[in-house]
Amino acid sequence: MFAIVEIAGLQYKVEQDQKLFVNRLKGEKGDKVSFDKILLTVNGSITVGAPAVSGITVDAEILNHVKADKVIIFKKKRRKGYQVKNGHRQSLTQIQITGITGFEAGAKKVAKKETAKAEILSDNATVNFGEDHELNYHLKKNNLSQSKENREMLTTLGKAVKVELEKNILTHEEVDAAIVKNIDQFKALNK
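Source: prediction; values computed, not measured. (Residues numbered from 1 in each chain as written. Predicted model: local features only at pLDDT ≥ 70, side-chain atom pairs only at ≥ 80, totals over all residues. Heavy atoms only, no water.)

Asks: Tell me about the pattern of salt bridges, and name the residues and values.
Replies: Per the stated rule, a full pass over the model turns up three salt bridges. For Lys37, the salt bridge is made with Glu6, and the minimal N-O distance between the two is 3.8 Å. Taken together, the residues span a long stretch of sequence, with Lys37 in the loop between β4 (32–35) and β5 (38–42) and Glu6 in strand β1 (residues 2–7) at a distance of 31 residues. Among the residues examined, Glu6 registers a relative accessible area of 25% and is labelled partly exposed. A salt bridge links Asp176 to Lys141, with the nearest nitrogen and oxygen atoms 2.8 Å apart. On the criterion of sequence distance, the pair formed by Asp176 in helix α4 (residues 172–181) and Lys141 in helix α2 (residues 132–141) is long-range, its members being 35 residues apart. For Asp176, a relative accessible area of 12% translates into the label buried. (Salt bridge = Lys/Arg side-chain N within 4 Å of Asp/Glu carboxyl O. Helix = DSSP H or I, 4+ residues; strand = E, 2+ residues; numbered from the N terminus. Buried < 20%, exposed > 50% of the residue type's maximum accessible area, 1.4 Å probe, protein only.)

Pasting the structure below:
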């Protein structure tokens, strides 16, 4: 089990009881810290965040504040008498990962997201009678004129079918079946 977590602007792959150096964190030696910007988790299955996995936290303990090895920055322009030498030591914090928690809550939220996606997909399979282009689509599919009268007739027919089927939303198949059943009314209206 591991996670990819963003700590102080950088991404790290972390596991239980792992020690690592990160950019300087606020807090004293021995303090507990937790990180909630988890980008990916692997616990039997892979969960990728968009942009972060919700409900999962990585808990850690600050072990020490240290400085990294010195990095020398040397600049020179030849034949100009210009040279500059600087050094830099990055401030780091050593932490130990104490645990990755929240997988149960994360699984529940993932299940909720999947049902929400299924509902969104079902919206694409339903007919909105307020949109002329959807009504025109069904009229054209059944070789009927896309006139205003036909659209109004289809809207009233949709209301009747909703009452008949005791539904608030109709699918494309139900609307097409209603048109086929009442095609004589549309043809009489066009004469």
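On we go from here.
Asks: How would you explain the pairing of β5 if you had to name every residue and give the values?
Replies: Most of β5 is tucked away, with five of its five residues classed as buried. As judged from the four bridges shared by β1 and β5, these two strands associate in the antiparallel manner. Residue Ile4 lies in a different strand from β5, and its bridge partner there is Leu40. Pairing analysis gives four bridges linking β5 to strand β6 (residues 46–53), with the strands arranged antiparallel. (Pairing = 2+ DSSP bridges.)

Asks: I'd like a description of the sheet that holds β6, backed by residues and values.
Replies: Spatially, four strands are ordered β2-β1-β5-β6 in an open sheet, and the strand pairing comes out antiparallel. The strands lining the two open edges of the sheet, one partner per strand, are β2 (10–15) and β6. Taken pair by pair, the neighbouring strands of this sheet meet at an average axis angle of 15°, ignoring direction. For β1 and β2, the ladder comprises six bridges, and the chain directions are antiparallel. Bridging from a neighbouring strand, Val5 pairs with Tyr12 of β2. (Axes fitted to C-alpha atoms, helices over the stretch in contact; angles between N-to-C directions.)

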